[in-house]
Amino acid sequence: MLLELLTWHQITPAYVDFMLVFGMQTHAKDLLFGGFRANLRIKPAHAISSIAALGRSGRQYELCYTLKSVSYSQQSDSYSIRQSAFYHRFDVMRGNTLWIVTKGGEDLHHRFKELTGKESARQMFTHRDDCFRSSLSAHLAFCYWSTEDWHGYIRHMETMVSQYTDMALLGHRGEGDSYEIYTGRNIQQLQIWHEKVCDVIAVLDSNVEVISSMAAFYRNLQAKNNFPLKDSSREDVDDFVEELYMIISSSKLQISRAKSLRQRTMERSELTFFSTDIIKYQGDNGSGSGTFSSTAMTRWLQVTIPLTVVTLLAAQVLKTRATVQAITKSKSPANNAEKGVRHEVNWRTRAWLRIRDLPLQSCFADSHAGRNHSSATQVV
């Protein structure tokens with residue numbers, strides 16, 4: 001049945017890839033798989049593929065994309081991320097519109113029926129421009145669906161992280177105050193919440209990319225000279241893109257909030273991990289009474305001793321390597337040749353200085369001898 005439906009409407013294979021992630025499963029798979037695909041065929045030359053009997057002019061555009069939202073279950077008191085795949089095709093000459101929506105549940109089906117009810121259908125599909133305008137309204141309805149209840153889900157995660165880590169943050173402040181000893185299970189639960197926060201950030205980023213691509217597609221479509229509705233749909237496209245940007249801004253605010261929660265979860269996970277001290281003093285009255293944790297001491301030694309050994313070995317290896325490089329450099333032929341040239345230059349310099357000093361010394365000797373001779377003559 002599905003194969004016949006997709007073949008009859010000539011659905012692009014990209015949408016089939018989006019549909020393959022759906023099915024009965026315990027945990028959500030391919031949660032981050034999705035995207036935005038578009039195919040634009042509005043030139044007059046594309047009319048060669050028209051099928052008049054089916055009301056297809058051949059000049060059309062089609063796009064498919066995925067969006068994700070979060071839903072709350074009262075039975076299990078938990079949140080879960082739900083994804084949907086959308087296919088849309090619009091005939092720019094006849095105004096025919098095709099929608100295929102893949103999602104678990106019927107909430108989007110009911111919303112689309114309300115949007116295209118009997119009373120409003122007469123006004124939304126009487127003319128080609130009205131059909132185009134109604135398709136933009138459907139896109140907006142699906143995009144707004146992708147923004148629902150993220151605030152509640154992030155607030156729920158903030159509450160859970162606070163419940164697990166507030167005691168480690170506030171600590172024991174006085175005699176008689178309550179305290180909690182954290183175990184490995186608490187660390188595991190915090191890690192689970194950290195991964196959920198990371199999934200929320202990735203999903204919201206994916207929604208922002210899809211909605212941004214949709215806005216860019218319709219901006220580009222409205223600028224095409226071959227688009228028959230270029231002039232009549234200018235204001236509709238402007239309003240549509242502006243509203244998409246508002247949805248993007250709202251999603252980015254939730255992303256910033258989720259990133260802040262991710263950083264807080266990481267910091268409190270480290271705080272919780274090191275909150276089990278080796279010695280815990282139960283009071284601040286200076287009595288010195290406390291409890292010794294052999295398990296904490298063992299864990300501390302298991303971490304510090306290997307790190308110390310690795311650090312010392314690395315330092316020794318680096319020192320040995322530096323010594324070997326220095327010895328190798330001193331014994332290299334280039335270095336020896338350089339030393340030979342240096343010795344030769346020094347020897348030649350000293351020899352030149354000796355030769356240069358000889359005439360000067362001879363002059364001094366002759367002058368000294370002359371003075372002695374004249375002195376002797378005067379005495380005589």
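Residues numbered from 1 in each chain as written. Predicted model: local features only at pLDDT ≥ 70, side-chain atom pairs only at ≥ 80, totals over all residues. Heavy atoms only, no water.

K.L.:
Can you lay out the overall build of the chain for me, pointing to particular residues and giving the numbers?
P.N.:
On a plain count of helices and strands, the chain comes out with ten helices and six strands. Within the chain, the fraction of its 380 residues that count as buried is 31%. At a minimum sequence separation of 6, the contacts of the chain that also span at least 24 residues come to 68%. Accessible surface, the chain as shown: approximately 24,600 Å² in total, 56% of it carbon and sulfur. (Helix = DSSP H or I, 4+ residues; strand = E, 2+ residues; numbered from the N terminus. Buried < 20%, exposed > 50% of the residue type's maximum accessible area, 1.4 Å probe, protein only. Contact = heavy atoms within 4.5 Å. Areas by Shrake-Rupley, 256 points an atom, 1.4 Å probe, with all protein chains shown as cover.)

K.L.:
Please set out the pattern of salt bridges residue by residue, giving values where relevant.
P.N.:
If you walk through the whole model with that rule in mind, you get seven salt bridges. Taking the shortest distance from any N to any O, the salt bridge between Arg219 and Asp238 comes out at 2.6 Å. Taken as a pair, Arg219 in helix H7 (residues 184-222) and Asp238 in helix H8 (residues 234-273) lie far apart in primary sequence, 19 residues in all. Taking the relative accessible area as the measure of exposure, Arg219 reaches 37% and is therefore partly exposed. Owing to a relative accessible area of 28%, Asp238 belongs among the partly exposed residues under this scheme. Where Arg234 meets Asp231, a salt bridge forms, and the shortest distance between an N and an O atom there is 3.6 Å. Each of Asp130, Arg133 and Asp236 takes part in one network of salt bridges that share partners. (Salt bridge = Lys/Arg side-chain N within 4 Å of Asp/Glu carboxyl O.)

K.L.:
Before we move on, can you summarise a nonpolar patch on the surface with the specific residues and values?
P.N.:
Side chains of Trp300, Leu301, Ile305, Val309 and Leu313 sit close together on the surface and give an oily, nonpolar patch of about 480 Å² of accessible area. One can find Ile305 in helix H9 (residues 294-330). Look at Ile305 and you get partly exposed, because its relative accessible area is 46%. (Patch = residues over 30% accessible without salt bridge, like charges linked within 9 Å, V, L, I, M, F, W, Y side chains within 5 Å.)

K.L.:
Can you explain the packing of helix H5 (residues 128-145) against H7? Please cite residues and give values.
P.N.:
Direction vectors running N to C along H5 and H7 enclose 165°, while the axes themselves pass 12 Å from each other. Taken as axis vectors, H5 and H7 run roughly antiparallel relative to one another. Judged by the sense of rotation from one axis to the other, the crossing of H5 with H7 is left-handed. Along the contact surface, H5 presents Phe132, Leu136, His139 and Cys143, while H7 presents Ile211, Met214, Tyr218 and Leu221. Residues belonging to the contact of H5 with H7 are distributed by class as follows: seven nonpolar, one polar and no charged. (Axes fitted to C-alpha atoms, helices over the stretch in contact; angles between N-to-C directions. Parallel < 35°, antiparallel > 145°, perpendicular 65-115°, else oblique. Left-handed = near helix turned anticlockwise from the far one by under 90°. Nonpolar A, V, L, I, M, F, W, Y, C, P; charged D, E, K, R; others polar.)

K.L.:
Can you break down the side chain of Gln222 residue by residue, with the values?
P.N.:
Checked against the element boundaries, Gln222 lands in helix H7. Polar contacts involving the side chain of Gln222 include one to the main-chain carbonyl oxygen of Lys230, which spans 2.7 Å. The residues contacting Gln222, other than those within four sequence positions of it, are Phe227, Lys230, Ser233, Arg234 and Val237. (Polar contact = N/O pair within 3.5 Å; in protein donor to acceptor, adjacent residues only side chain to side chain.)

K.L.:
How would you explain the side chain of Gln83 if you had to name every residue and give the values?
P.N.:
Take Gln83: it is sitting in strand S3 (residues 78-91). Classification of Gln83 as buried rests on a relative accessible area of 12%. For Gln83, the residues in contact, after removing those within four places along its chain, are Val21, Phe22, Lys29, Asp30, Leu31, Phe33, Leu67, Lys68, Thr102 and Lys103.

K.L.:
Break down the packing of helix H3 (residues 107-115) against H5 for me, with residues and values.
P.N.:
In a packed pair of helices, the relevant descriptors are the angle between the two axes and the axis-to-axis distance. The N-to-C vectors of H3 and H5 enclose an angle of 145°; their axes lie 11 Å apart at closest approach. Two packed elements cross with a definite hand, and for H3 against H5 that hand is right-handed. From H3, Asp107, Leu108, Arg111, Phe112 and Leu115 reach across to H5, where they touch Ser137, Ala138, Phe142 and Trp145. In terms of residue class, the contact of H3 with H5 is made up of six nonpolar, one polar and two charged.

K.L.:
Mind laying out the pairing of strand S2 (residues 60-73), listing which residues take part and the relevant values?
P.N.:
Counting buried residues along S2, eleven of its 14 residues qualify, which places the element largely inside the surrounding structure. Where strand S1 (residues 36-41) and S2 come together, six bridges link them in antiparallel fashion. Its bridge partner being in S2, Asn39 is matched across the sheet by Glu62. A loop of four residues connects S2 with S3, the two strands running antiparallel in sequence, and Asp77 in this loop sits at a positive phi of about 50°. (Pairing = 2+ DSSP bridges.)

K.L.:
An account of the packing of aromatic side chains is needed here, citing residue identities and associated values.
P.N.:
Counted by the stated rule, this structure contains 20 aromatic pairs. The positively charged end of Lys196 is found above the aromatic ring belonging to Trp193, 4.5 Å away from the centroid. (Phe/Tyr/Trp six-rings, centres within 6.5 Å; stacked < 30°, edge-to-face > 60°. Lys NZ or Arg CZ within 6 Å of the ring centre and 35° of its normal.)

K.L.:
Let's hear about the environment of Tyr65: which residues, and what values?
P.N.:
Within the secondary structure layout, Tyr65 lies in strand S2. For the pair formed by Tyr65 and Gly34, sequence separation is 31 residues and the distance between their alpha carbons is 6.9 Å. In contact with Tyr65, other than residues within four places in its own chain, are Phe18, Gly35, Phe36, Ser84, Ala85, Phe86, Trp99, His139, Phe142, Val210 and Met214. Looking at Tyr65, its side chain comes within polar contact range of the side chain of His139, at 2.9 Å.

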